[in-house]
Amino acid sequence: MFKNLNKRLKYSDKKYLRKNSHKNRRRVLVALVILAIAFIIPSTFAFLGLKQALSHTKALVASYKSQQFDSLSREVSATKNSLQGANISLSFLFWLRAIPFIGGYYSDAKGLVNAAVEGLVALDKILSNVEGAKEELGFDGNEKSGPERVTQALNILSKSLPFLDKVEGNLRKASDSVKNIDTTKYPDKFRGKAVRGNLRMAKNFIMGAAVAVKEGRGALTLAPDALGASGTKNYFLLFQNDKEIRPTGGFLTAYATLTINNGQVSASTSDDIYRLDEKLLDVCLTKICPLTPPEPIVKYLPEVSGKPRSAWSMRDSNISPDIPTAAKEFERMYQLLGEGLPYDGIIYIDSQVVEELIEVTGPIDVFGTTYSAEIDKRCNCPNVIYELESYAEIAAKGEKDRKAILGVLMQQILARSVGADVEKLPQLIEVVARLANHKHIMFYMHESPLQSSLSELNWTGEIKSVDGDYLHINDSNFAGGKSNLYVEQTVTQEINTRKDGTMKKKITIEYKNDQPFGIWLNGINRDYVRFYVPKGSQLLSSKGSEVAVSTIDDLGKTVFEAFVQVRPQNTRKLEIEYSLPYQPDGKYKLIIQKQPGAKDFHYKIKLNGRGVADFELDQDKEFEFGI
């Protein structure tokens, strides 16, 4: 009996196992079907859509190069449709957002595709509205040179201005789609191809387009005229050496005169700044020149002999941190030459501009010297920086056979830029806009509407009038070589509310120079430091300054003046503590303005003992914190 029972039980177990096995296989099959529906199928369609969009993008570029308007319009529409299909497929993968690590990358990909769709919708609208003027705009089936493309771009911009309202919403949606992408989490390169840089460029370009159409509408409207569409424009280009920092961005090293006619740029004259000072000295030998130097120059910038300076040079005219004020001072001196003002405005650039543009255009040869973005072991810096600093040293010594390289270098950079492949144009636009946003390019225009429009974009370097707390730290390297190439700063602000509701603030700057002494490159950094704070602030204490900290008023602010010396392979600390006239009502507001030409120094903010911000100051910043 027991034997039969065991047989029956074994048979039942086998039957149960077979049923379970069938169930497991069915479950696996169901899981695979669900996986196929949830991931493989939408991923495949998304991939095919993106592949198709890439193909149409190449055809789009080819159509523009061959100046075929109808083909260009078709390819824009086809690229948009392919990306919309890919976007729909990606939407079915929404559940990936919940997966740690993967979710962030999925959101970035979805955001970029969303932005591309909105951007192409905007471009489609523009092309539809200017189609009637395609012959007038030069779409004649003949490939154009770089300068001709610039002229055409100006004409397209002029024709597009009335329709910008129609695309503003699309560009805003595109910007919102990419604004939260953290490009720093991506590798610099993958399989030899740039990743992080291209992502940063794409994000900045997309967000910049939205800003241009909204905040920069005035500048866009005036751009054709400013670029010579209705008549030749002349601009004075001033090169500031940010490795020898001065109030407006750097020591004024060289200049060039740019002539722009219908978007086409040429550099007519150029030389180092010492030539202008030599001319000014010759003029002032025959007449009285009002060139008494301001007190900081007398106090901190002695002659080579050690005697206090008795005259004010054009190369030191940018003592004010406010670009319009400094530009007017430069023009006052320039007019003493008796030449009037034969230009329509001043454009300030620094070595960062030259370095980044050469990185896009590739190495450039000027008078037998190659300028490139490759790291030069002689300074542990880009080669173009070393060569520019070497030239600045030659110019400072007054060598008679020195060549005016800046104008030739800029002319070649501009020629390379406008003649660049169409695929590189977004990168060039992004680079120039970012350099202006980060205060490496600044403008002072004589035409008030244009200056006001550029001011709206924060490209004019003004010290702002604000409500609430304010901070601008301004460094001037007075005879410290090119040491700002190596000096780093960390700025900590500690803000506390006192019992009477007023605010007390302590600012600590930690200076650090890790590099060894380098003859004319890295010497003792003699830093005249100014803290621009709300008017009415009262100094309570200070530590680390080599002179007694003084208080003055300038540009509608209270200014605390200090002086420190930072030696190679050394550190220094400067502290000031002061009371604020600002009494916040529940919300503490703060604006920090970056010094033009300065590095993106590290800032920390503590409010009533808690850390509220930790960031790199790459451009002006606005904050609002609850108290």
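In this numbering scheme, every chain counts its residues from 1 along its sequence in written order. The predicted origin of the model limits local features to residues at a pLDDT of at least 70 and limits the giving and counting of side-chain atom pairs to 80 or more, whereas totals for whole chains, interfaces and linings rest on all residues. Only hydrogens and water are set aside when side-chain values are computed; all heavy atoms of the structure are taken into account.

Numbering goes from the N terminus for both helices and strands, where a helix is a DSSP run of H or I of at least four residues and a strand is a run of E of at least two. The secondary structure content of the protein amounts to 15 helices and 23 strands. Over its C-alpha atoms, taken along the principal directions, the protein stretches across nearly 130 × 70 × 50 Å. When accessible area is computed with a 1.4 Å probe and restricted to protein chains, residues below 20% of their type maximum are described as buried, those above 50% as exposed, and intermediate ones as partly exposed. Here the protein holds 627 residues, and 48% of them are scored as buried. Within the protein, contacts between residues at least 6 apart in sequence are counted, and of these 68% link residues at least 24 apart. In this tally, Lys and Arg are treated as positive and Asp and Glu as negative; His is ignored, and so are the chain termini. Lysine's charge is taken at NZ, arginine's at CZ, aspartate's at CG and glutamate's at CD. Put simply, the protein has 83 plus and 75 minus side-chain charges, and the middle of one group is 14 Å from the middle of the other. Whether two residues are in contact is decided by their heavy atoms, any of which lying within 4.5 Å being enough.

Its identity is not glycine, yet Asn262 carries a phi of approximately 55 degrees, on the positive side. Tracing the chain through its elements places Asn262 in the loop between strand S4 (251-261) and strand S5 (264-272).

The subject of this paragraph is the packing of helix H11 (residues 351-361) against helix H13 (residues 405-418). Where H11 meets H13, the closest approach of the two axes is 10 Å, and the angle between their N-to-C directions is 45 degrees. The angle between H11 and H13 falls in the class oblique. When the axes of H11 and H13 are compared, the crossing they make is left-handed. Residues Val354, Leu357, Ile358 and Thr361 of H11 lie in contact with H13, whose contacting residues are Leu409, Met410, Ile413, Arg416 and Ser417. Note on residue categories: nonpolar means Ala, Val, Leu, Ile, Met, Phe, Trp, Tyr, Cys or Pro, charged means Asp, Glu, Lys or Arg, and polar means any other residue, Gly included. Within the contact of H11 with H13, the residues separate by chemical class into six nonpolar, two polar and one charged. Between the N-to-C directions of two axes lies an angle of 0 to 180 degrees, each axis being a line fitted to C-alpha atoms and, for a helix, fitted only over the stretch in contact. Note that the term roughly parallel is reserved for angles under 35 degrees, roughly antiparallel for angles over 145, roughly perpendicular for angles of 65 to 115, and oblique for everything else. Crossing handedness: left-handed means the near helix sits turned counterclockwise from the far one by under a right angle, and right-handed means the same turn made clockwise.

Let's shift gears to the sheet that holds strand S14 (residues 503-513). Any two strands with at least two DSSP-identified bridges between them are counted as paired. If you walk across this open sheet you meet the six strands as S16-S19-S14-S13-S21-S22, and the pairing is mixed. Edge positions in the sheet fall to strand S16 (538-543) and strand S22 (610-616), since each of these pairs with one other strand and no more. Ignoring strand direction, the axes of neighbouring strands in this sheet form an average angle of 15 degrees. Of the pairings in the sheet, the one linking S14 to strand S19 (residues 570-580) comprises 11 bridges and is antiparallel in character. Directly across from Thr508, in S19, lies its bridge partner Glu575.

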